[in-house]
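# Tertiary structure, described
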Amino acid sequence: MTQHTILGAPSTCHAVIVGGGTMGADVAVVLLRAHCHVYVLETRIEAHEAIREKIAGNLEMLGKGGNISLLQVVQAADDIDWRDIDLMIECIPEQLALKRELFAALADKAPAHALLASNSSSFPISQIAEGLPTRNRMIGLHFFMPAHIVPLVEVVLGPDTDPARAQGLADFMRRCGSVPIVVRKDVPGFVGNRLQHALAREAFSMIEQGIVTPEDIDNAVRFGFGFRYLAAGPVMQKEHAGLDVHAAAAATIYPSLSNIAEPPPVLADKPRLGTIGMKSGQGFYAWTPATIAAERRRYDEALRAGLKILASDLPPIEP
């Protein structure tokens, strides 16, 4: 093995995904559909069969090949032959101490050529890697749920990350059929979540001011400018419309946009009151088991339809 192994064909890659929850299982699908050899490390042995079934079902649903026989679900790190591992992706709960403990343990297990990635959406890779001898090959690899349907993956460099390794990982993810972006500065929220939160800040501020209802916010995005985002992102959109038009509108609108540093009460009060959405049966919308099931079914079908629309723009899988 060499440090360049990760740059090769996915079918030559041996990967470990630590954590067999929803995100870990879906990331396994991303790799398996490109014929990677995948270990899923999950300490809850009682969950192993369900993990295998979920991964097999999602591979079949995608209809993009993949080989479930390349999957092994194991209970302990010692069940893995680490000498062959080229990539590790951490998908454990969002607790910084747990993540640091995991990566510290892997310093003695993962071979020197292996890339060590974290799917964390909360903690910069620089915090997880701080003081660890492996920090030059530690990288953020942030997928979006559901990872096997949403094509984007963020490759995030920490201050000590080897840029060549990061670019190699981005190239590898493209061969797996994902759309990677390289985030060159380890800023909070990376890119995707920063854009989402910028939009959400204005949305919740307008709800707080009584300008519009939550339902109308959702409709404005889904059936207005958000509808166009399947065809072009916000920069390309303005290339179509004209940057002169956008710059003039921005000069008028920007001064009135929300720049508050904390969530407005209309959002911040929700967790305090226990009205946190589907999980509690009440958020901005009221939920019952029946309406939750119907909405999740509609949402999943819409995502799959969107994936079909984007299919011709996605990188081909190169196993």
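Placed above this text is the structure.
Below or above, wherever it landed, is the structure these notes cover. All values derive from a computational prediction rather than experimental measurement.

So, about a nonpolar patch on the surface. Nonpolar side chains collect at one region of the surface, where Ile253, Tyr254 and Leu257 lie side by side and expose about 300 Å² of accessible area between them. Relative to the helices and strands, Tyr254 resides in the loop between helix H9 (243–253) and helix H10 (265–273). What makes Tyr254 exposed here is its relative accessible area of 54%.

Pairing is possible between side chains that carry opposite charge, provided their charged atoms lie close to one another. Under the defined criterion, the tally for this structure stands at twelve salt bridges. Residues Glu90 and Lys99 are paired through a salt bridge, measuring 2.4 Å at the closest nitrogen-oxygen approach. Across this residue pair, the class does not change: Glu90 and Lys99 are buried. The salt bridge involving Arg298 is made with Glu295; its shortest N-O contact spans 2.8 Å.

Okay, the pairing of strand S1 (residues 14–18) next. By the criterion of burial, S1 is predominantly enclosed, with four of the five residues buried. Relative to strand S2 (residues 37–41), S1 runs parallel, the two being bridged by five bridges. Bridging from a neighbouring strand, Val18 pairs with Leu41 of S2. As defined by bridge partners, S1 adjoins strand S4 (residues 87–90) across four bridges and the pair is classed as parallel. Looking across to S4, one finds that Val18 is bridged to Glu90.

Ordered by their spatial adjacency, eight strands build an open sheet running S3-S2-S1-S4-S5-S6-S7-S8, and the pairing between neighbours is mixed. Strands at the two margins of the open sheet, each flanked by one partner only, are strand S3 (71–74) and strand S8 (179–183). For this sheet, the mean inter-axis angle between neighbouring strands, taken without regard to orientation, is 25 degrees. Pairing geometry for S2 and S3, over four bridges, is parallel. For Tyr39, the partnering residue across the bridge sits in S3 and is Gln72. Lying over the sheet, helix H2 (residues 48–62) contacts S2 and S3, oriented at roughly 155 degrees with respect to S3. Strand contacts of helix H3 (residues 96–106): S1, S4, strand S5 (115–118) and strand S6 (138–143), with the helix running at about 165 degrees to S4, the strand carrying the most contacts.

Parameters at a glance
- Residues numbered from 1 in each chain as written.
- Predicted model: local features only at pLDDT ≥ 70, side-chain atom pairs only at ≥ 80, totals over all residues.
- Heavy atoms only, no water.
- Patch = residues over 30% accessible without salt bridge, like charges linked within 9 Å, V, L, I, M, F, W, Y side chains within 5 Å.
- Areas by Shrake-Rupley, 256 points an atom, 1.4 Å probe, with all protein chains shown as cover.
- Salt bridge = Lys/Arg side-chain N within 4 Å of Asp/Glu carboxyl O.
- Helix = DSSP H or I, 4+ residues; strand = E, 2+ residues; numbered from the N terminus.
- Buried < 20%, exposed > 50% of the residue type's maximum accessible area, 1.4 Å probe, protein only.
- Pairing = 2+ DSSP bridges.
- Axes fitted to C-alpha atoms, helices over the stretch in contact; angles between N-to-C directions.
- Contact = heavy atoms within 4.5 Å.

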